[in-house]
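The residues making up each chain are set out below.
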Amino acid sequence: MWMVLLTVVFLTAKGNANDCVPRSFGPDRIVCVCNATYCDSTPDNDPKVPNDGSFYWYTTTKQGLRMSMAKGQFGPAKGLNFGTTLTIDTSKRYQTIHGFGGAFTDSAGINIKKLSPATQDQLIRAYYDPKLGSKYTLGRVPIGGTDFSTRPYTYDDYDNDTTLEHFALAKDDYDYKIPFMQKALELNPETKFLSVTWSPPTWMKTNDRINGFGFLKREYYDLYSKYLLKFLDAYKKNGLKMWAISTGNEPVNAYVPFDPLNTMGWTPATMSHWIAEHLGPMLAASEHNDTQILALDDQRIELPWFIEKVFANENAKKYVAGTAVHWYTDDFVSPLVLDLTHNQAPDKFILLTEACTGSGLLEFPKVNLGAWDRGQKYILSIIDYMNHWSIGWVDWNIVLDKTGGPNWINNFVDAPIIVDPETDEFYKQPMYYALKHFSRFVDRGSVKISITDTLHIKSTAFVTPSNEVVVVLYNRSSIARNVTLMDLKKGSLHVELPPYSMNTIIYGR
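All figures in this text were calculated on a predicted structure; none of them were measured in a lab. All residue numbers here refer to positions counted from 1 along the written sequence of the relevant chain. Selection of residues for local features in this predicted model requires a pLDDT of at least 70, selection of side-chain atom pairs for listing and counting requires 80 or more, and totals for whole chains, interfaces and linings are taken over all residues. To obtain the side-chain values, all non-hydrogen atoms of the structure were used and water was disregarded.

(A) Focus on the sheet that holds strand 2 (residues 22-24). Strand pairing requires that DSSP identify at least two bridges connecting the strands. In DSSP terms, a helix is any run of H or I states spanning at least four residues, a strand is any run of E spanning at least two, and both are numbered starting from the N terminus. Within the open sheet, the 5 strands sit side by side as 2-3-17-16-15. Their pairing is mixed. With partners counted over all chains shown, the strands left at the sheet margins are strand 2 and strand 15 (399-400), one partner each. In terms of strand pairing, strand 16 (residues 417-420) meets strand 17 (residues 425-428) through 4 bridges, oriented antiparallel. When the sheet's bridge partners are listed, Ile 417 is paired in strand 17 with Lys 428. Across the sheet, helix 11 (residues 430-439) lies against strand 3 (30-34), strand 16 and strand 17, angled at about 60 degrees from strand 17, the strand it touches most. A contact between two residues is defined here by any heavy atoms of the two lying within 4.5 Å. Axis geometry follows a simple rule: fit a line to the C-alpha atoms, using only the stretch in contact for helices, then measure angles between N-to-C directions, giving values from 0 to 180 degrees.

See below:
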């Protein structure tokens, strides 16, 4: 039925788009294959939506459509039964969106470099090209090594180097991170970078280890802040200014027995003291005084209590711009904790800074090529975070190999793009398109607006700086759903959403 509707009601837009080259890895497991000479894209000159009652509709489906575009008109449903009505109120406005992106880890760079130069270029364009790609505007970069490195390392692995004489970026930065970040920035000058440490040099920690139950020694609170400023200096010299710096990746991991992840623990009290008396004033007095501080960078199950305790220190609060959140415990806690976090400090933003599939103890295989359910998990999460005050959503590794690595502790996971160096190809998974349904159309400066949703149709909506309305819908049911979008100022439009489909609808105000 939905195919008939597309044909009869809509003028299907052909032309400048490169269609997906599909490859199946089993039932409901479709990827789009890219190589040195070809990669699917949206039109290279996305149509500016005229304010004449028309709209554009992009669809990605479990059955295999990828960003398929059609054009339609506001007006009566012409006899069709459109039973579900979602109401849009552009006068009710919430947070301003900052962007979407992913992380430039060592593992991502290692995998990109396994491809030919032409295929490498296609891959970075697939994310950061504002015309042909996903139009990413954020990039997260580790300060030193992570588990997604081939070894544990920091920028000063010389015991008791209290002058930081030996501080230096690693070869990994110059080989695997900096070149691809520079390329992303070249493609899209709107790109902003956020940085985060997994662990400082082990000699600064109470346990002298890269992982485990370790904390920053009190006598090194100033020195560690200087270490971070040296990182900001070094990346700026390479043309990569940091928009934000985090207090550290997943500090609560330090409390998990036998957890092998690189980490350093904080309590709310020690974090707030370090920010208020050390990092905050030192950053403010430096040439990086417009680099913002993100607090927490851990699971939302720690909200709002952790941030509430950090913000109890008014000096710490004044230096913190926002709260960074990860998604790995989201199944155990309602997104309402994001609302509580926002309400206790409305002037501070919330940003989802890390997410990936394949990370669960029972998630096998770690890389499940083309798995639709993983794309579904992404789009539902992004909708959730947008509807609960997040200013963006940042993926974990932008690229991995078919095992989900490399990873020095064998903590393999999945990624939206997987490389196959043997054939000089890369595969775009449904997760890639889940993010693209937002990043491609919801420009920086867009404002979240009010829209209703239902059990089967999950939704979120925005007004862009160019005064277009962008609506993202996910039909989470196994049947097609007739939907009316009722804009209180514009009127109504009608679509039949395919089963298990991601949809972006754009129209002028």
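Text resumes after the structure shown.
(B) Representation of the pattern of salt bridges. Throughout this description, the term salt bridge denotes a Lys or Arg side-chain nitrogen within 4 Å of a carboxyl oxygen of Asp or Glu. A complete count under the given rule lists 20 salt bridges for this structure. Its salt-bridge partner being Asp 208, residue Lys 217 comes within 3.9 Å of it at the nearest N-O pair. With a shortest N-O distance of 3.4 Å, Asp 420 and Lys 402 are connected by a salt bridge. Separated by 18 residues along the polypeptide, Asp 420 in strand 16 and Lys 402 in the loop between strand 15 and strand 16 bring together distant segments of the chain. Exposed residues in this analysis have more than 50% of their type's maximum accessible area, buried residues have under 20%, and partly exposed residues fall in between, with area computed by a 1.4 Å probe over protein chains only. On the accessibility criterion, Asp 420 (6% relative accessible area) is buried.

(C) A look at helix 4 (residues 171-187). Each helix should span, by expectation, one fewer than its residue count multiplied by 1.5 Å. Between the first and last C-alpha of helix 4 there are 24 Å, a value that for 17 residues agrees with the 24 Å anticipated at 1.5 Å per step. To get the bend at any residue, fit one axis to the seven residues that end at it and another to the seven that begin at it, then take the angle between the two axes. Of all the bends in helix 4, the greatest reaches close to 40 degrees and is centred on Lys 177; the proline Pro 179 follows between one and four positions later. Taken together, the buried positions of helix 4 are Asp 172, Asp 173, Asp 175, Lys 177, Ile 178, Phe 180, Met 181, Lys 183, Ala 184 and Leu 187. Contact partners of the buried residues in helix 4: helix 2 (106-112), helix 3 (117-128), strand 8 (138-143), strand 9 (192-197), helix 5 (221-237) and strand 10 (242-246).

(D) Broad picture of the environment of Thr 464. Among the structural elements, Thr 464 can be located in the loop between strand 19 (457-463) and strand 20 (468-475). The buried category is assigned to Thr 464, whose relative accessible area is 6%. Remark: the alpha-carbon pair of Thr 464 and Arg 444, spanning 20 residues in sequence, is separated by 8.0 Å.

(E) Geometry of the packing of aromatic side chains. Any two rings among Phe, Tyr and Trp, with Trp reduced to its six-membered ring, count as a pair given centres within 6.5 Å; such a pair is stacked if its planes are under 30 degrees apart, edge-to-face if over 60, and tilted if neither. Counting across every chain of the model gives 33 aromatic pairs. Considering the side-chain rings of Phe 74 and Tyr 507, the 4.9 Å spacing of their centres and the 80 degrees angle between planes classify their relative orientation as edge-to-face. Taken as a pair, Phe 74 in the loop between strand 5 (68-73) and strand 6 (84-96) and Tyr 507 in strand 23 (residues 501-508) lie far apart in primary sequence, 433 residues in all. On the basis of relative accessibility, which here comes to 16%, the residue Phe 74 falls in the buried class. Its relative accessible area of 1% is what places Tyr 507 among the buried residues.

(F) Helix 9 (residues 336-344), seen in detail. Every buried residue belonging to helix 9 is among Val 337, Leu 338, Asp 339, Thr 341 and His 342, and all of these are buried. Taken together, the buried residues of helix 9 touch helix 7 (305-311), strand 12 (320-326), strand 13 (349-354) and helix 10 (372-386).

(G) View of the sheet that holds strand 7 (residues 99-103). Spatial strand order, 7-8-9-10-11-12-13-14: 8 strands in a closed barrel with parallel pairing. Direction aside, neighbouring strands of the sheet carry axes that sit 30 degrees apart on average. Relative to the sheet, helix 5 contacts strand 8, strand 9 and strand 10, its axis offset from that of strand 8 by approximately 130 degrees. Here helix 6 (residues 268-284) sits on the sheet in contact with strand 10, strand 11 (292-299) and strand 12, set at roughly 150 degrees to strand 11.

(H) Highlighting the environment of Gly 144. The residue Gly 144 is located in the loop between strand 8 and helix 4 in this model. Residue Gly 144 is classed as buried on the basis of its relative accessible area of 0%. In this structure the C-alpha to C-alpha distance between Gly 144 and Lys 71, which are 73 residues apart in sequence, comes to 47 Å. Beyond its immediate sequence surroundings of up to four residues, Gly 144 is in contact with Tyr 153, Tyr 155 and Lys 177.

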